[in-house]
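Observations on the model geometry
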Amino acid sequence: MMRFVKMTVNGREMEVGVDEREMLLDTLRDRLGLTSVKRGCEVGECGACTVLLDGVAIDSCLYLTVWCEGATIVTTEGLLARDGTLTPVQQALVDEAAVQCGFCTPGIIMSTTEIVGSGKRYTRDEIR
Ligand code: FES
């Protein structure tokens, strides 16, 4: 059954018609063309599909789009400034050549963006 979901994606308010069984990964990639969101394992293990949902990093392959009613979603496309300037997280990955094959880089960027933006201090042993 189709359902309409109101959400804000990368700063744009929208209403999207989706199958109620549809995962956010499929909505973002196939309906909205946001291909930075990668389809990897589809079981919540690899993180290639990571997006920010109300500021929290989630695996979009495990999250139903109908659960996003009223939510704010950010993908890697939404991080870029209008002039193309990278965020400090993106620039750090470029500066350190931390790309490997690049497939999972958007997921790494979104997870790191959440960590940096949280204000928490992470060590090898604990989170403060
Ligand atoms: S595709 Fe691997 S965690 Fe979502």
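Our next topic: the packing of helix α2 (residues 88–95) against helix α3 (residues 105–118). Between two packed helices, the angle of one axis relative to the other and the distance separating the axes together describe the packing. Between α2 and α3, the shortest axis-to-axis distance is 9 Å and the interhelical angle comes to 125 degrees. When the axis of α2 is compared with that of α3, the two are oblique. For the pair α2 and α3, the crossing hand works out as right-handed. On α3, the residues touching V89, Q90 and L93 of α2 are T105, I108, I109, T112, T113 and V116. In terms of residue class, the contact of α2 with α3 is built from five nonpolar, four polar and no charged.

With that settled, the discussion passes to helix α1 (residues 24–31). Here α1 has its buried residues at L24, L25, T27 and L28. At the C-terminal side of α1, G33 shows a positive phi close to 70 degrees.

Turning our eyes to something else, we now look at unusual backbone geometry. Unusually for a residue other than glycine, E42 sits at a positive phi of about 60 degrees. Positive phi, close to 50 degrees, is recorded for A97, a residue that is not glycine. Structurally, the position occupied by A97 is in the loop between α2 and α3. Its relative accessible area of 59% is what places A97 among the exposed residues.

Another aspect to go through is the packing of aromatic side chains. In the structure shown here, the tally under the stated rule is one aromatic pair. Between Y63 and W67, the aromatic rings sit 5.1 Å apart at their centres with planes inclined by 85 degrees, giving edge-to-face as the arrangement.

Turning next to the nonpolar core. Formed by 21 residues in total, the largest nonpolar core has its most connected members in M7, V9, L24, L28, V51, C68 and I73. Elements supplying a minimum of two residues to this core: β1 (2–9), β2 (12–19), α1 and β3 (50–53). Beyond its immediate chain neighbours, meaning those up to four positions away, M7 contacts R12, E13, M14, V16, T27, T65, C68, A71 and I73.

Attention shifts here to the sheet that holds strand β4 (residues 56–59). Sheet strands pair via backbone hydrogen bonds, and the direction of the pair is either parallel or antiparallel. The mixed open sheet is built from five strands, whose spatial order is β2-β1-β5-β3-β4. Each end of this open sheet is capped by a strand with a single partner; those strands are β2 and β4. Across the sheet, the mean angle separating the axes of adjacent strands is 45 degrees when strand polarity is ignored. Examined bridge by bridge, β1 and β2 share eight bridges and lie antiparallel to one another. The residue of β2 that forms the bridge with M7 is M14. Sitting on the sheet, α1 touches β1, β2, β3, β4 and β5 (72–74), and the angle it makes with β2 is about 110 degrees. Contacting β3, β4 and β5, α3 runs over the sheet at an angle of about 35 degrees to β3.

About the cut-offs
Residues numbered from 1 in each chain as written. Predicted model: local features only at pLDDT ≥ 70, side-chain atom pairs only at ≥ 80, totals over all residues. Heavy atoms only, no water. Axes fitted to C-alpha atoms, helices over the stretch in contact; angles between N-to-C directions. Helix = DSSP H or I, 4+ residues; strand = E, 2+ residues; numbered from the N terminus. Parallel < 35°, antiparallel > 145°, perpendicular 65-115°, else oblique. Left-handed = near helix turned anticlockwise from the far one by under 90°. Contact = heavy atoms within 4.5 Å. Nonpolar A, V, L, I, M, F, W, Y, C, P; charged D, E, K, R; others polar. Buried < 20%, exposed > 50% of the residue type's maximum accessible area, 1.4 Å probe, protein only. Phe/Tyr/Trp six-rings, centres within 6.5 Å; stacked < 30°, edge-to-face > 60°. Core = buried A, V, L, I, M, F, W, Y, C linked by side-chain atoms within 4.5 Å. Pairing = 2+ DSSP bridges.

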